[in-house]
Each structure stands twice: as structure tokens, then as C-alpha cells.
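# Commentary on secondary and tertiary structure
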Amino acid sequence: MKKILAPSILSADFKVLGEQIRTTYDHGAEFLHFDVMDGLFVPSISFGMPVLKSIQGVSGQVMDVHLMVTEPIRYVEAFKEAGADFLTVHLEACEDVKATIDKIHECGMKAGVSIKPNTEVEQLLPIIDQVEMILIMSVEPGFGGQAFIPESLDKIRILKALLEERNLQTLIEVDGGIYHSNVKEVLDAGVDVVVAGSAVFKGDIANNVEGFVEIFKEYE
């Protein structure tokens, strides 16, 4: 599969958010990652539907929304209306994860499920064939700028093997502590979609995105 960059706007400068988003798109980032935090499932609070709705039409990117919220089924319809294309929920945050996935599909979005660093990949098995993307968190969700957890590589490899055994084309996404210096490690492990916040938005955004894209070309 083609490798995809998903810049996380959690690290963007909101004074010039639209301009920065367009820059990521113009230089090759096909997804845009949108982290939603509720202060309950994770300690931090970020942003929600109004911000997502405000950037509709700014670029042609896939809106990749990651809900770090308790019982996300409550917000599925609202995020569809706000412009989400992929809606990823946490396995640990759902009382009924299958019902949540079903509702995401009923609303016409692609569904993703994420797991935190201490959650075993095998816990995904009951729903592994029901989603379009699985997000491996390589840091504890809730804060940007954390260091990559090396054990995440083993989780990615295990997940890749489970998907191949079942002949599934599910995307594997990784989020947390990814930079130009270590992105090849996650790509080699089997990742398809790379979320990067600080590595994209700190410094020269155009050059940062192009740096990832050049590395990705080695995997085409």
C-alpha cells in the first residue's frame, strides 16, 4: 500500500491554521489528523466539531478524526456533519465498540479503532474485520511531543501479521513520537498511515512534509 502522511493539527499555529493546512496539502500530505480530547478519557481538552467544520474546504485532504473521548457513540452524527471522513474511536472508551463502529458506518464514514500502549493487540480480534483502519498509539494519548515507545513496533508487527492471516486490507496507522529520524522503523514494521504533529508543524512545514514524502517513496 502507498504510505500516507497525516499531519496532526494539534501542533499547528491556530492563528494561521488554514494557511498551514494548505501548505501540508500542497506538499504531499494526503490526510489531516484531528485529535479530539474530552478531559475525561484523557487529561487534556483540545477542540471539537466547530473547529473541524471551520476547515471544511480549506484543502482536499481526507479528514482523519481521532476521538479520545468517553462513549464516542454520542458524537458520531455530529462529526459526520462537521466533515469527518475517517472516525477513529478508542477500544477502551466504548461500552459497545461494535455498536459504535456500526453507527460510524451507518453515517457514511470509514471506521477506525485505536488502542493505548498498554492494551494488547489481541483485544482487537473481535472487531478486526469490521473497521477500515486500526490506530496504534505509540505514546500515551492526551499530550503532544512525547517520545516514541519502542515496544509499539512489536505491536505493529503483530497487527500486520493478524491482518495478513485474514487477508484484510485494513490500514495501520501510528500516532506519537514520529519524526524523520525514526519513521522508517514504523514503515518497516508495517504502518500505512503516519501521524506527525511537531515533526510537521515545527519549523519549515513545506520542507518537513516533503521530507516524509521522500522517505515514503522508498516504499512504493
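Above this text sits the structure in question.
Residues numbered from 1 in each chain as written. Predicted model: local features only at pLDDT ≥ 70, side-chain atom pairs only at ≥ 80, totals over all residues. Heavy atoms only, no water.

Okay, the overall build of the chain next. Regarding its fold elements, the chain presents eight helices and eight strands. Here the C-alpha radius of gyration of the chain, 16 Å, is about what a compact globule of 220 residues would show, namely 17 Å. With respect to the three principal axes, the spread of C-alpha positions in the chain is 40 × 35 × 30 Å. Counting the 220 residues in the chain, one finds 55% classified as buried. At a minimum sequence separation of 6, the contacts of the chain that also span at least 24 residues come to 66%. Counting every atom, the chain has about 9500 Å² of accessible surface; 49% of that belongs to carbon and sulfur. (Helix = DSSP H or I, 4+ residues; strand = E, 2+ residues; numbered from the N terminus. Rg over C-alpha atoms; globule rule 2.2 N^0.38 Å. Buried < 20%, exposed > 50% of the residue type's maximum accessible area, 1.4 Å probe, protein only. Contact = heavy atoms within 4.5 Å. Areas by Shrake-Rupley, 256 points an atom, 1.4 Å probe, with all protein chains shown as cover.)

Glancing now at the environment of Val191. Within the secondary structure, Val191 sits in the loop between α6 (183–189) and β8 (193–196). By relative accessible area, Val191 is classed as buried at 0%. Along the sequence, Val191 and Ala93 sit 98 residues apart, while their C-alpha atoms lie 23 Å from each other. The residues touching Val191, leaving out its near neighbours within four places in the chain, are Lys3, Ile156, Ile172, Val174 and Val186.

Here we take up the sheet that holds strand β3 (residues 62–68). Pairing in this open sheet of eight strands is parallel, and the strands run β1-β8-β7-β6-β5-β4-β3-β2 from one edge to the other. The open sheet is flanked by β1 (4–7) and β2 (31–37), the only strands paired with a single partner. Across the sheet, the axes of successive neighbouring strands diverge by a mean angle of 25°, strand direction being ignored. Two elements, strand β5 (residues 110–115) and strand β6 (residues 133–137), share four bridges in a ladder whose sense is parallel. Residue pairing for β6: Val113 is matched across the bridge by Ile134. Sitting on the sheet, helix α4 (residues 97–106) is in contact with β4 (86–90) and β5, with an inclination near 150° to β5. (Pairing = 2+ DSSP bridges. Axes fitted to C-alpha atoms, helices over the stretch in contact; angles between N-to-C directions.)

Turning next to helix α8 (residues 205–217). When the terminal C-alpha atoms of α8 are compared, their 19 Å separation across 13 residues agrees well with the 18 Å that a helix rising 1.5 Å per residue should span. Those residues of α8 hidden inside the fold are in contact with β1, α1 (17–26), α6, β8 and α7 (198–201). (Expected span 1.5 Å × (residues − 1).)

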